[in-house]
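# Fold and contact review
This is what each chain is made of:
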Amino acid sequence: MNSNSEVIETKSKTGYVTCMQILTTSNDSVGAGSSLPGDTWQQHLKQAVRTVPQLLDQLELRDNRAFGAKAEATFPVFAPQPYLQRIRPGDPDDPLLRQVLPIDAEDTSPADFSVDPLGENAATLKPGLLQKYHGRMLVVATGACAIHCRYCFRRHFPYGEGPAGAALREQLAQALADDESLDEVILSGGDPLTLVDGAVSDLVDTIEQAAHIKRLRIHTRLPIVIPQRVTDALVARLSSSRLQKFIVVHANHANEIDDAVIDSLQRLAASGTQMLNQSVLLRGVNDSADALVELSQRLLDTGTLPYYLHQLDPVIGAAHFEVSVERGKQLIKEIRARLPGFAVPRYVQEISGQPNKTVLA
Ligand SMILES: *Cc1c(COP(=O)(O)O)cnc(C)c1O
Ligand code: SF4
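On a predicted model such as this, the values are computed, not experimentally measured, just so you know.

Reading the values: the criteria
- Residues numbered from 1 in each chain as written.
- Chains lettered and ligands numbered in written order.
- Predicted model: local features only at pLDDT ≥ 70, side-chain atom pairs only at ≥ 80, totals over all residues.
- Heavy atoms only, no water.
- Phe/Tyr/Trp six-rings, centres within 6.5 Å; stacked < 30°, edge-to-face > 60°.
- Helix = DSSP H or I, 4+ residues; strand = E, 2+ residues; numbered from the N terminus.
- Buried < 20%, exposed > 50% of the residue type's maximum accessible area, 1.4 Å probe, protein only.
- Axes fitted to C-alpha atoms, helices over the stretch in contact; angles between N-to-C directions.
- Parallel < 35°, antiparallel > 145°, perpendicular 65-115°, else oblique.
- Left-handed = near helix turned anticlockwise from the far one by under 90°.
- Contact = heavy atoms within 4.5 Å.
- Nonpolar A, V, L, I, M, F, W, Y, C, P; charged D, E, K, R; others polar.
- Salt bridge = Lys/Arg side-chain N within 4 Å of Asp/Glu carboxyl O.

### Details of the packing of aromatic side chains
Tallying each qualifying case throughout the model produces 2 aromatic pairs. Judged by centre distance (5.9 Å) and plane angle (90°), the rings of Tyr-151 and Phe-321 are edge-to-face. In this pair, Tyr-151 sits in the loop between strand E3 (136-140) and helix H9 (165-178) while Phe-321 sits in the loop between strand E8 (305-310) and helix H15 (325-336), placing the two residues 170 residues apart along the sequence. Given the relative accessible area of 5%, Tyr-151 is considered buried.

### Quick word on the packing of helix H14 (residues 289-301) against H15
Close contact between H14 and H15 brings their axes to 9 Å; oriented N to C, the two are set at 55°. Taken together, the axes of H14 and H15 lie oblique to each other. Here H14 runs over H15; the crossing is right-handed. Within the contact between the two elements, H14 uses Ala-289, Leu-292 and Val-293 and H15 uses Leu-331, Glu-334 and Ile-335. Considered class by class, the residues forming the contact of H14 with H15 number 5 nonpolar, no polar and 1 charged.

### Considering the pattern of salt bridges
Pairs can form between side chains of opposite charge whenever their charged atoms are close. Applying the stated criterion across every chain, the model contains 18 salt bridges. Between Arg-86 and Asp-258 there is a salt bridge whose closest N-O contact spans 3.2 Å. Of the two residues, Arg-86 sits in the loop between helix H6 (81-84) and helix H7 (97-100) while Asp-258 sits in the loop between strand E6 (244-250) and helix H13 (259-270), which places them 172 residues apart along the sequence. Residue Glu-350 pairs with Lys-357 through a salt bridge whose shortest N-O separation is 2.9 Å.

Below, the structure is given as structure tokens:
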């Protein structure tokens, strides 16, 4: 039996754990039924749009027939209001809409697309911990995300399987104690900032207690999707850490970065955190030199450096987003002629079994 069929089996047993399932079952996250005032990030998660009809109604696209019912059934819609408000109503080609709306094209994938293109199952060190690269340990802090991105390889990841809370911290403390060659811990997921501030802080405590760990990195899309997530408590916890801090956010298009997002990124930077961005090269979203230049410039305005531009992982359901490597290299060449060197992301591809991400341009 190959690993793909194992993943499919796990999926059919557990179903996909959406953000709300995590939020209503885990003590680390906001509790079910608690009443929250107005404009908090938890409120935005609770009120996120989760069906295609709701999405199309809100965006004045009721007559649009492009959505995929089958695609929605395998990976549900999840999009919070602060993100949806940056989408142009009535435009089925909006670059932000394309990232969240299921379409029929998701049902057809070439044979070389798979459910585990990165071999993540093989890289799992212990449940919840991944190590592919020297010196860096990646923690799957939660399976939950604040948005469901249609191109994501995690759409097939067996979420909800890993340890959480104290069990995860114990695993992590043990793994760090066992390996003195590690000097960096990456909090990832899912999205680690779907955890409440107390839970994030507890994880940072565990990492700080390992004396040989120098750097903390957080991979998160939340400051982009729901900028209200950048709470004073989060900023304060980062400020007070002895670790060197990096946050890698994830925006694919300049329209994702509105005034509230600029403010959230600047506040994180002010905590002494180096801000970086990663994007995925996506057909119909950012596959033009103009779109990539505008994205880099908007990021620079916030003090965030473009870090990676990822070649799409060949995950089933995402083939319609694919841009050829040849075209990607051409785009990098064009934007390099228009931007300072530090504003040009490294164009990379993840090839399983390699000791690092492969730089294409
Ligand atoms: C991408 C990735 C990293 C980080 O790699 P960098 O090149 O240092 O950004 C670490 N661990 C895993 C499992 C990854 O997929
Ligand atoms: S791209 Fe990031 S935020 Fe989007 S679904 Fe995947 S892991 Fe979650």
